[in-house]
Amino acid sequence: YSDETKWLTYRAAVRTACNTRQTEIDACSDVPALKELLFGTDTITRQKTDSDGNGVVDSENMPVMETVANPAIATAWPTPI
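Here the structure is a predicted model, which means the values were calculated and not measured.

### Section: the overall build of the protein
- The helix and strand tally for the protein stands at 2 helices and 2 strands.
- When the helices and strands of the protein are placed in sequence order, the string is α-α-β-β.
- Computed over C-alpha atoms, the radius of gyration of the protein comes to 18 Å, more than 25% over the 12 Å expected from 2.2 N^0.38 for 81 residues, which places it beyond the range of a compact globule.
- Judged by the C-alpha coordinates and their principal axes, the protein covers about 60 × 35 × 20 Å.
- Within the protein, the fraction of its 81 residues that count as buried is 10%.
- Pairs at least 24 residues apart make up 54% of the contacts formed inside the protein by residues separated by at least 6 positions.
- In the structure as shown, the protein presents an accessible area of about 6500 Å², 54% of it carried by carbon and sulfur atoms.

This is the structure in structure tokens:
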């Protein structure tokens, strides 16, 4: 890539991320959702679910937990060039 091509690619990625973030912000139903979007952690811990969406439990009927990417976090900005 030439420097100009790298710059144009980066600029397009910033515009795409910006448009996505605008949509994510518009979809927030309240201030706590907006706060999570902008300041939430990258991962969350939640109960695992089976293929039917039911919570998975262990042999002692305790929830089986998993760490996953936070679905409520804003789209990341592209890496600067």
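### Remarks on unusual backbone geometry
- A positive phi angle is found at Asn61, which is not glycine, with a value near 65 degrees.
- Summarising the element assignment, Asn61 is placed in the loop between β1 (43-47) and β2 (65-69).

### Let's talk about the pattern of salt bridges
- Scanning all chains against the criterion turns up 1 salt bridge.
- Glu66 is the salt-bridge partner of Arg46, the closest N and O atoms lying 3.5 Å from each other. Separated by 20 residues along the polypeptide, Arg46 in strand β1 and Glu66 in strand β2 bring together distant segments of the chain.

### Things to note about the side chain of Asn70
- Residue placement: Asn70 occurs in the segment after β2.
- Classification of Asn70 as buried rests on a relative accessible area of 7%.
- A distance of 2.9 Å separates the side chain of Asn70 from the backbone oxygen of Thr41, its partner in a polar contact.
- Within the structure, Asn70 has its side chain in polar contact with the backbone nitrogen of Ala72 (distance 2.8 Å).

### Structural notes on the environment of Ala74
- Following the sequence through the fold, Ala74 ends up in the segment after β2.
- Residues Ala74 and Ile25 lie 49 residues apart in sequence; the distance between their C-alpha atoms is 8.4 Å.
- Contact partners of Ala74, with chain neighbours within four places excluded, come to Arg21, Glu24 and Leu37.

Parameters and conventions
Residues numbered from 1 in each chain as written. Predicted model: local features only at pLDDT ≥ 70, side-chain atom pairs only at ≥ 80, totals over all residues. Heavy atoms only, no water. Helix = DSSP H or I, 4+ residues; strand = E, 2+ residues; numbered from the N terminus. Rg over C-alpha atoms; globule rule 2.2 N^0.38 Å. Buried < 20%, exposed > 50% of the residue type's maximum accessible area, 1.4 Å probe, protein only. Contact = heavy atoms within 4.5 Å. Areas by Shrake-Rupley, 256 points an atom, 1.4 Å probe, with all protein chains shown as cover. Salt bridge = Lys/Arg side-chain N within 4 Å of Asp/Glu carboxyl O. Polar contact = N/O pair within 3.5 Å; in protein donor to acceptor, adjacent residues only side chain to side chain.

Shape descriptors only; they carry no functional weight alone.
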